[in-house]
Amino acid sequence: MAGESDLEKTEDATPRRLEKAREEGQIVRSRELVSFALLSAGFYGVWAMSGSIGDHLGSMLRFGLTFDHASVFETRRMMIGAGAASREGFYALLPILAMTGGAALLSPLALGGWHVSTSSLEPKFSRLDPIAGLGRMFSINGPIQLGMSLAKTLVVGGISGVSIWNRHDEIVALATQPLTVALANAAHLIAVTCGITVAGMFLVAALDVPYQIWSYHKKLRMTKEEVKQEHKESEGDPKMKGRIRAQQRAIARRRMMVNVPTADVVVTNPTHFAVALRYTDGEMRAPKVVAKGVNLVAARIREIAVENNVPLLEAPPLARALYHNVELDREIPGTLYGAVAEVLAWVYQLRRFKTEGGKAPVAPTDFDVPAELDKGAVSDEDASEEAGDVLKNANDDKASGASA
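Residues numbered from 1 in each chain as written. Predicted model: local features only at pLDDT ≥ 70, side-chain atom pairs only at ≥ 80, totals over all residues. Heavy atoms only, no water.

Colleague: Would you mind showing me how to read the environment of Phe367 here?
Modeller: Mapped onto the elements, Phe367 comes out in the loop between helix 15 (337-356) and helix 16 (380-403). As for Phe367 and Ala339, which are separated by 28 residues in sequence, their C-alpha atoms are 5.4 Å apart. (Helix = DSSP H or I, 4+ residues; strand = E, 2+ residues; numbered from the N terminus.)

Below is the structure:
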């Protein structure tokens, strides 16, 4: 079953899956890279600061081996000498400790970066399952890790062994050299051998890092079903999103109906479309669409307009252009300024007629509406949204009547 499950995980981990794994403390790590960084820092630190280290070690030996008759019988003077020798030894090791500590802190930045997670500290009794432990031991990772360990041993040990064997004549010749010369040559041989060993660790780390990256991403692979489920959780169920959009449209239309009594005019098709316009001089740069609708919503807009004495004007091309090209609470485009200006001029004349009397204004009939803005009849999408909202409102009315 585990093998079949692994075979099904063919999809790369999603960003959300990677982030969740990081929160759980699962990040890319290479122990060989850390080992190489520590050895490099220690070796090159000793190499670069050999003069200072030698001075401190010489002082430590001087404090430890220099004494007189009085210091042998006085405990206090012996402790002072031991303290001075320890201090010199600490000064000698402090730069190396600082460099190796810095390497230990900086080396993780090359892969997964620093990460502190408390989830790895939580007790998990599944780790004590002997069957699961045997499964991990005999899984594909076990032989791979064993092979990496053997390869590391062979590479590092082989390089070090070859380096020492090639210099066996120099090593033997140390016995015939004066003490100071022999010590200098021995230090040089040790330094060269250590440097070659560090180079061997670089090869091991160069092999281990790509494998760890590949293994990490392979372990986090997902099945197609998991990807679909995560997409649903992050983006939302399409059916639920459809219901939410329908409710948002219904709420927007109910809010829209409240604005109809404040409109200056309602432009109609006369039956399919209805668009309510409002313009306040000094407050708006251009007239705004405060309500619009098709079919039954358009009929309801006309009813509210009649109840609140808002003028209705039949202008089919203008009504269609306004409905299709202007969103709610948005100003009309510049291409419709001329046509809407004629409508508002008629509205102002109509108001003057109602208050002062005189000759009734003639409603305009010929409007300059660009052909590309007049999209004609009601689209299928508009009709389906209208039908859905009407059905929802009918169900709401039934539910409210039943509860009453």
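Colleague: Honestly, the nonpolar core in this entry has me stumped. Any pointers?
Modeller: Looking at soluble globular proteins, one finds that nonpolar side chains tend to be buried together. One finds Val267, Leu277, Leu318, Leu322, Leu336, Val340 and Phe367 to be the most contacted residues of the largest nonpolar core, which totals 28 residues. Elements supplying a minimum of two residues to this core: strand 1 (265-268), strand 2 (273-278), strand 3 (288-294), helix 14 (316-325) and helix 15. Not counting the four nearest positions on each side in its chain, Leu318 is found in contact with Val267, Leu336, Ala339, Val340, Val343, Phe367 and Val369. Core analysis: the second largest hydrophobic core is formed by 15 residues, Val266, Ala276, Val290 and Ala298 among them. (Core = buried A, V, L, I, M, F, W, Y, C linked by side-chain atoms within 4.5 Å. Buried < 20%, exposed > 50% of the residue type's maximum accessible area, 1.4 Å probe, protein only. Contact = heavy atoms within 4.5 Å.)

Colleague: What's the story with the side chain of Ser163 in this structure? I'm lost.
Modeller: Inspection of the secondary structure puts Ser163 in helix 8 (residues 141-166). Here Arg167 takes part through its side chain, which lies 3.3 Å from a polar atom of the side chain of Ser163. Setting aside anything within four residues of it in sequence, one finds Ser163 in contact with Thr193 and Ile196. (Polar contact = N/O pair within 3.5 Å; in protein donor to acceptor, adjacent residues only side chain to side chain.)

Colleague: What is the right way to read the packing of aromatic side chains from this model?
Modeller: One pair of aromatic rings is described through two measures. These are the centre distance and the angle between the planes. Tallied over the full model, the rule gives four aromatic pairs. When the centroid spacing of 5.5 Å and the interplanar angle of 55° are considered together, the rings of Phe36 and Phe202 count as tilted. Linking Phe36 in helix 3 (residues 31-48) with Phe202 in helix 10 (residues 179-219), this pair joins segments that are 166 residues apart in sequence. Ring centres of Phe90 and Tyr91 lie 6.2 Å apart, and the angle between their planes is 50°; on these two criteria the pair is classed as tilted. Tyr91 gets classed as partly exposed once you look at its relative accessible area, which sits at 37%. The ring of Tyr323 carries the charged tip of Lys292 above its face, separated from the ring centre by 4.9 Å. (Phe/Tyr/Trp six-rings, centres within 6.5 Å; stacked < 30°, edge-to-face > 60°. Lys NZ or Arg CZ within 6 Å of the ring centre and 35° of its normal.)

Colleague: Even after reading the chapter, I still don't get the sheet that holds strand 4 (residues 312-314), so can you show me in this structure?
Modeller: As a general point, the strands of a sheet are linked pairwise by backbone hydrogen bonds and lie either parallel or antiparallel. Strand order across the open sheet formed by four strands is 3-2-1-4, with mixed pairing between neighbours. Edge positions in the sheet fall to strand 3 and strand 4, since each of these pairs with one other strand and no more. Strand-to-strand twist in this sheet, taken as the mean axis angle between neighbours without regard to direction, amounts to 20°. For strand 1 and strand 2, the ladder comprises four bridges, and the chain directions are antiparallel. Within strand 2, the residue paired with Val267 across the bridge is Val275. Of the strands in this sheet, strand 1, strand 2, strand 3 and strand 4 touch helix 13 (residues 295-307), which is tilted by about 125° from strand 3. In the packing of helix 15 onto the sheet, contacts are made with strand 1, strand 2 and strand 4, and the angle to strand 1 comes to roughly 130°. (Pairing = 2+ DSSP bridges. Axes fitted to C-alpha atoms, helices over the stretch in contact; angles between N-to-C directions.)

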